[in-house]
Amino acid sequence: MKAHDVMTWGVISVEADTPVMRAVQLMLENRISGLPVVDAKGTLVGIVTEGDFLRRIELGTQRRRSRWLEFLIGPGRLATEYVRASGRKVNEIMTPDPYTITEDTPLEQIVQLMEKHRIKRVPVVDDGKLIGLVSRANLLHALASLAREAKPPAGDDTSIRRQILAECGKQPWAPDINVVVRSGVVELWGVIFDERARQAIIVVAENVPGVKTVHDHLVWVDPMSAMAFLSEEDEARAKAS
């Protein structure tokens, strides 16, 4: 999937000389947490988000530092912080030159960009002009839509077992295990040497169409002590018997 499959087209934007309070009103009225900023020609020049309003003189939340720390920081940075806390126009508080994508950017690259730079939205541009936006909410909407799509038909027990083993065989973290399937009920047997692999193997089984229930019989062997630990399910059964 690419950006054009999930993006919001024709997003609300503001011009660079828009008053700060007008941008605040737009965000509240439309229940959005960020606004792309464009010039008079529609070219993207920045983005303003909720985070840009955290340190404001009106709220009394502007940064306060001791004299010696101000001396170390220097007047340039202090002046920039003053502008962001007191600016009256969007271009005085916005983040200029934001990261952008095109409508053909793969979703994987978009997610990598969001994670790397810790951002929640990425403007979509065409020849510098703003045409849309991809936000984390857009990705959630795409995920929800995919979940509603028709699932592949469930296979028989043999097919289910084969699919679980095949998927585990593709994963570098997965040990060799045994899988028993009866009427869609999966039982996982074997030894794992990292407790985190347990949940991952269970997820593999749960994702196969036709699986009704997964029973965990995997035994964790601690590599440091060589001690063996039953699964919670088998531990509870052992205590009850």
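Not measured: the values here are computed from a predicted model.

### Concerning the pattern of salt bridges
Step number 1: Under the counting rule described, the total for this entry stands at six salt bridges.
Step number 2: Note that Lys170 and Glu167 form a salt bridge whose closest N and O atoms lie 4.0 Å from each other. Linking Lys170 with Glu167, this pair stays in helix H8 (residues 157–170), spanning three residues, or about one helical turn.
Step number 3: Residue classification places Lys170 among the exposed residues on the basis of a relative accessible area of 61%.
Step number 4: With relative accessibility at 30%, the residue Glu167 sits in the partly exposed group.
Step number 5: With its nearest N and O atoms 3.5 Å apart, the salt bridge here joins Arg237 to Glu233. Of this pair, Arg237 and Glu233 both sit in helix H10 (residues 232–240), separated by four residues, roughly a single helical turn.
Step number 6: Looking at Arg237, the relative accessible area reads 45%, which means it is partly exposed.
Step number 7: Under the relative-accessibility criterion, Glu233 is labelled partly exposed at 24%.
Step number 8: One network of salt bridges, in which partners are shared, links Glu195, Arg198 and Asp216.

The rules behind each value
- Residues numbered from 1 in each chain as written.
- Predicted model: local features only at pLDDT ≥ 70, side-chain atom pairs only at ≥ 80, totals over all residues.
- Heavy atoms only, no water.
- Salt bridge = Lys/Arg side-chain N within 4 Å of Asp/Glu carboxyl O.
- Helix = DSSP H or I, 4+ residues; strand = E, 2+ residues; numbered from the N terminus.
- Buried < 20%, exposed > 50% of the residue type's maximum accessible area, 1.4 Å probe, protein only.

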